[in-house]
Amino acid sequence: MKYKKINKETIDLVKNYHGKVINKDIKLLISEIDWENRKNQTRDADLDRGHIASLQSDIASRGLNNVPLVEFDTESALYRVVSGHHRINALKNLINDADFNLDRIPCASVSFSNAVHREFFMQNENHHPPTKPHTRKDAVRFIKNMRTLGFFDSANGDLEIIEKKVDSLLKSHYCRLNSTRRQDVYHESFKDMEITRVQTILKPELKQKAESSYNSLESFSWKKGEYLCWGDTNSVRKAIVTF
């Protein structure tokens with residue numbers, strides 16, 4: 001099978017994120033790869049069988065343009081896929097195809113100094129005109145991964161700072177998301193930190209609070225001991241207090 005080794009652009013990207021290329025051309029047996037671990041998968045959904053089948057057919061007819069990247073895990077003594085999950089599964093299928101002469105999977109072996117650098121590399125390596133585009137759910141997965149890795153700890157729980165950091169990350173790695181989508185990703189990734197506060201207001205302060213909160217009292221009235229306020233037909237009617 002024809003294949004191209006890791007290219008200079010990818011090597012430079014690995015180095016840019018404090019990584020090393022350990023072996024530019026390593027051929028692995030199926031048994032040497034950790035097929036169950038998906039921690040390095042940038043997509044939220046499971047592998048797309050249709051996409052794998054399409055890649056398998058293309059590789060069989062034209063060869064492999066970009067070898068998958070793997071990293072050796074000392075705990076399992078297996079190689080984990082860093083980039084190219086669909087490609088490596090297509091190659092696995094070709095090994096299992098008796099009509100195709102392939103017994104090992106061509107890869108490039110890399111190593112990263114820490115998990116944050118690896119995560120940034122994976123996002124950037126997938127930052128290209130995609131055959132299979134990333135989704136908003138993939139972006140949420142990315143932000144949650146960065147949260148788990150402690151990337152937002154320096155904000156000390158300040159949601160305003162966290163939102164700005166999320167927005168910056170998404171602009172860099174998910175530029176196809178507009179501002180509304182980026183906000184959706186932030187809210188979904190940090191919804192456990194968002195707090196709804198209920199304020200108790202005494203009767204003497206009620207009118208002043210209503211005026212400061214809603215500017216105008218045209219839509220406010222007392223009725224049977226209740227002070228009611230409402231907006232236009234698209235607003236939810238609210239009862240502020242009942243005596």
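Residues numbered from 1 in each chain as written. Predicted model: local features only at pLDDT ≥ 70, side-chain atom pairs only at ≥ 80, totals over all residues. Heavy atoms only, no water.

The final tally for this structure, using the stated rule, is twelve salt bridges. A salt bridge links R104 to E32; the nearest nitrogen and oxygen atoms lie 3.9 Å apart. Of the two residues, R104 sits in the loop between α3 (85-95) and β4 (105-112) while E32 sits in the loop between β1 (19-28) and α2 (49-62), which places them 72 residues apart along the sequence. Overall, E32 belongs to the partly exposed group, its relative accessible area being 29%. Among the ionic pairs, R147 bridges to D192, the shortest N-O distance being 2.8 Å. Here D192 lies in the loop between α7 (179-189) and α8 (203-214) and R147 lies in helix α5 (residues 136-148), a separation of 45 residues in the sequence. (Salt bridge = Lys/Arg side-chain N within 4 Å of Asp/Glu carboxyl O. Helix = DSSP H or I, 4+ residues; strand = E, 2+ residues; numbered from the N terminus. Buried < 20%, exposed > 50% of the residue type's maximum accessible area, 1.4 Å probe, protein only.)

This part takes up α7. Considered for burial, the residues of α7 that qualify are R182, V185, Y186 and S189. Buried residues of α7 fall within an arc of 100° about the axis and therefore sit on the same side. On the buried face of α7, the contacting elements are α5 and α6 (159-173). (Arc of directions from axis to C-beta. Contact = heavy atoms within 4.5 Å.)

Below, the discussion takes up the packing of α6 against α7. Between α6 and α7, whose axes approach to 10 Å, the crossing angle comes to 125°. By the angle class used here, α6 and α7 are oblique. Classified by chirality, the crossing of α7 by α6 is right-handed. When α6 is examined against α7, the residues L159, I162, E163, V166, D167, L170 and K171 are found in contact with a partner set consisting of R182, Q183, V185 and Y186. Broken down by class, the residue content of the contact of α6 with α7 amounts to six nonpolar, one polar and four charged. (Axes fitted to C-alpha atoms, helices over the stretch in contact; angles between N-to-C directions. Parallel < 35°, antiparallel > 145°, perpendicular 65-115°, else oblique. Left-handed = near helix turned anticlockwise from the far one by under 90°. Nonpolar A, V, L, I, M, F, W, Y, C, P; charged D, E, K, R; others polar.)

A few words on the side chain of E125. Relative to the helices and strands, E125 is located in helix α4 (residues 115-125). We note that E125 is buried and unpaired, the nearest opposite charge coming from R87 at a distance of 4.5 Å. At 2.5 Å, the side chain of E125 and the side chain of S83 are in polar contact. Contact partners of E125, with chain neighbours within four places excluded, come to L13 and S83. (Lys, Arg positive; Asp, Glu negative; His and termini not counted. Polar contact = N/O pair within 3.5 Å; in protein donor to acceptor, adjacent residues only side chain to side chain.)

Our focus in this paragraph is the pairing of β4. Successive residues of a regular strand alternate their side chains across the two faces of the sheet. Counting buried positions along β4 gives seven out of eight residues, so the element sits mostly inside the fold. Note: β1 against β4, seven bridges, orientation antiparallel. Across the sheet, residue V21 finds its bridge partner in β4, namely V110. Bridge count between strand β2 (residues 69-73) and β4: two bridges; the pairing is parallel. When the bridges of β4 are listed, V70 appears paired with S109. (Pairing = 2+ DSSP bridges.)

Geometry only, nothing functional implied.
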